[in-house]
Amino acid sequence: MTDTPKNPFDDLIKLGSGWAKAMAPTMERIDPAAIEKMWPTMPGEVMEAFFGKTLNPDGLSAKDRLLLTLMGLTVIGANAEPQIRMTVRHARIAGATDREIDETIALAGMFGGAPAMAKAMQLASEARDGEEGE
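This is a predicted model, so every value here is computed, not measured.

Participant: Looking at this structure, how should I read the overall build of the protein chain?
Facilitator: Counting secondary structure elements, the protein chain contains 7 helices and 0 strands. Listing each helix as α and each strand as β along the protein chain from the N terminus yields α-α-α-α-α-α-α. Out of the 134 residues belonging to the protein chain, those deemed buried represent 31%. A fraction of 54% describes how many contacts in the protein chain between residues 6 or more apart in sequence connect residues 24 or more apart. Accessible area of the protein chain: about 8600 Å², with a carbon and sulfur share of 61%.

Rendered as structure tokens:
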């Protein structure tokens, strides 16, 4: 059989692109860097509602979820630059300390390698520098 199977994410990508274009008509496709500029962080209450204990009172806090997200993003490396910066900023809003963020990235380096860890540390520094300049 020579037919290439349909990518199961095609419809989701089209839907997301439609949403992005509705929010900002100049966005022809979802661009994480553009989203980062448009909405660099969300308020702590919104973050807790979506990522925290609102829907699962016995579950992980927004801070813990964001640190786990940061670990996953670090492992996949430099493909997630805007997402790493956004996650660092959100983790800080959720109460994570710089030390906790650095430890999370360092631990992820055991799985993603030293280059991924070094890149994530650089991106975390950029996120912190951006906050201080605002």
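So, next bit.
Participant: What is the right way to read the nonpolar core from this model?
Facilitator: One broad trend across soluble globular proteins is that nonpolar side chains are buried collectively. Core analysis: the largest hydrophobic core is formed by 15 residues, its most contacted members being Leu70, Ile84, Val88, Ile101 and Ile105. When residues of this core are traced back to their parent elements, those giving at least two are α4 (62-76), α5 (81-93), α6 (98-112) and α7 (114-132).

Participant: I would appreciate a short explanation of the packing of α4 against α6 in the present structure.
Facilitator: In contact at an axis separation of 8 Å, α4 and α6 are set at 40° when each is read in the N-to-C sense. The interaxial crossing formed by α4 with α6 has right-handed handedness. Only Glu100, Ile101, Thr104, Ile105, Leu107, Ala108, Phe111 and Gly112 of α6 make contact with α4, whose side of the interface consists of Lys63, Leu67, Leu70, Met71, Thr74 and Val75. Looking at the contact of α4 with α6 residue by residue, the classes come out as 9 nonpolar, 3 polar and 2 charged.

Participant: Would you mind going over the packing of α4 against α5 with me for this structure?
Facilitator: For any two helices packed against each other, one specifies the crossing angle of their axes together with the interaxial distance. Their axes nearest at 9 Å, the elements α4 and α5 cross at an angle of 160°. Judged on the interaxial angle alone, α5 and α4 are roughly antiparallel. When the axes of α4 and α5 are compared, the crossing they make is left-handed. Between α4, through Leu66, Thr69, Leu70, Leu73 and Thr74, and α5, the contact on the second element is made entirely by Gln83, Ile84, Thr87, Val88, His90 and Ala91. Taken together, the residues of the contact of α4 with α5 sort by class into 6 nonpolar, 5 polar and no charged.

Participant: Sorry if this is basic, but what is going on with the environment of Ala120 here?
Facilitator: Structurally, Ala120 can be placed in helix α7. Between the C-alpha atoms of Ala120 and Val75, which are 45 residues apart in sequence, the distance is 9.0 Å. In contact with Ala120, not counting residues within four places along its chain, are Thr74, Ile84 and Ile105.

Participant: Explanation requested: α5 in the structure shown.
Facilitator: Quick reminder: α-helices carry 3.6 residues per turn. Residues three or four places apart thus point the same way. Across its 13 residues, α5 extends 19 Å between first and last C-alpha, which sits within 8% of the 18 Å expected from 1.5 Å per residue. Of the residues making up α5, those classed as buried are Pro82, Ile84, Arg85, Met86, Thr87, Val88, Arg89, His90 and Ala91. Note on α5: the residue one or two positions beyond its end, Gly95, has a positive phi of about 110°.

Participant: Mind showing me how you'd approach a nonpolar patch on the surface here?
Facilitator: A cluster of nonpolar residues, Val75, Leu107, Met110 and Phe111, forms a patch on the protein surface that exposes about 430 Å² of accessible area. Counting residues per element, the nonpolar patch draws most heavily on α6, at 3 residues. Here Met110 is to be found in helix α6.

Scoring rules and cut-offs
- What you see as residue numbers is a count from 1 along each chain, following the sequence as written.
- Whole-chain, interface and lining totals are the exception, using all residues; otherwise, since this is a predicted model, local features are given only for residues with pLDDT of at least 70 and side-chain atom pairs are given and counted only at 80 or more.
- Side-chain measures were taken over the full set of non-hydrogen atoms in the model, leaving aside hydrogen atoms and water.
- In this text, helices come from DSSP runs of H or I with a minimum length of four residues, and strands from runs of E with a minimum of two, each type numbered from the N-terminal end.
- Residue burial is assigned from relative accessible area. The probe radius is 1.4 Å, only protein chains are included, and a residue is buried under 20% of its type maximum, exposed over 50%, and partly exposed in between.
- Should any heavy atoms of two residues lie within 4.5 Å, those residues are counted as being in contact.
- Method for areas: the Shrake-Rupley scheme with a 1.4 Å probe, in which residue coverage is limited to the protein chains shown.
- Residues grouped as a nonpolar core are buried Ala, Val, Leu, Ile, Met, Phe, Trp, Tyr and Cys residues, joined through side-chain atoms within 4.5 Å.
- For every element, the axis is a line fit to its C-alpha atoms; helices are fit only across the contacting stretch, and the angle between N-to-C directions ranges from 0 to 180 degrees.
- Helix crossings fall into two classes, left-handed where the near helix is turned counterclockwise from the far one by less than a right angle and right-handed where it is turned clockwise.
- Each residue gets one of three labels, nonpolar for Ala, Val, Leu, Ile, Met, Phe, Trp, Tyr, Cys and Pro, charged for Asp, Glu, Lys and Arg, and polar for the others, Gly among them.
- Oblique is the label for any angle not covered by the other classes, which are roughly parallel (under 35 degrees), roughly antiparallel (over 145) and roughly perpendicular (65 to 115).
- A helix is expected to span 1.5 Å multiplied by its residue count minus one.
- Note on patches: the residues involved have over 30% relative accessible area and no salt bridge, like charges join within 9 Å, and the nonpolar side chains Val, Leu, Ile, Met, Phe, Trp and Tyr join within 5 Å.
- By definition here, a salt bridge exists when the distance from a side-chain nitrogen of Lys or Arg to a carboxyl oxygen of Asp or Glu is within 4 Å.

The analysis is restricted to geometry; functional conclusions fall outside its scope.
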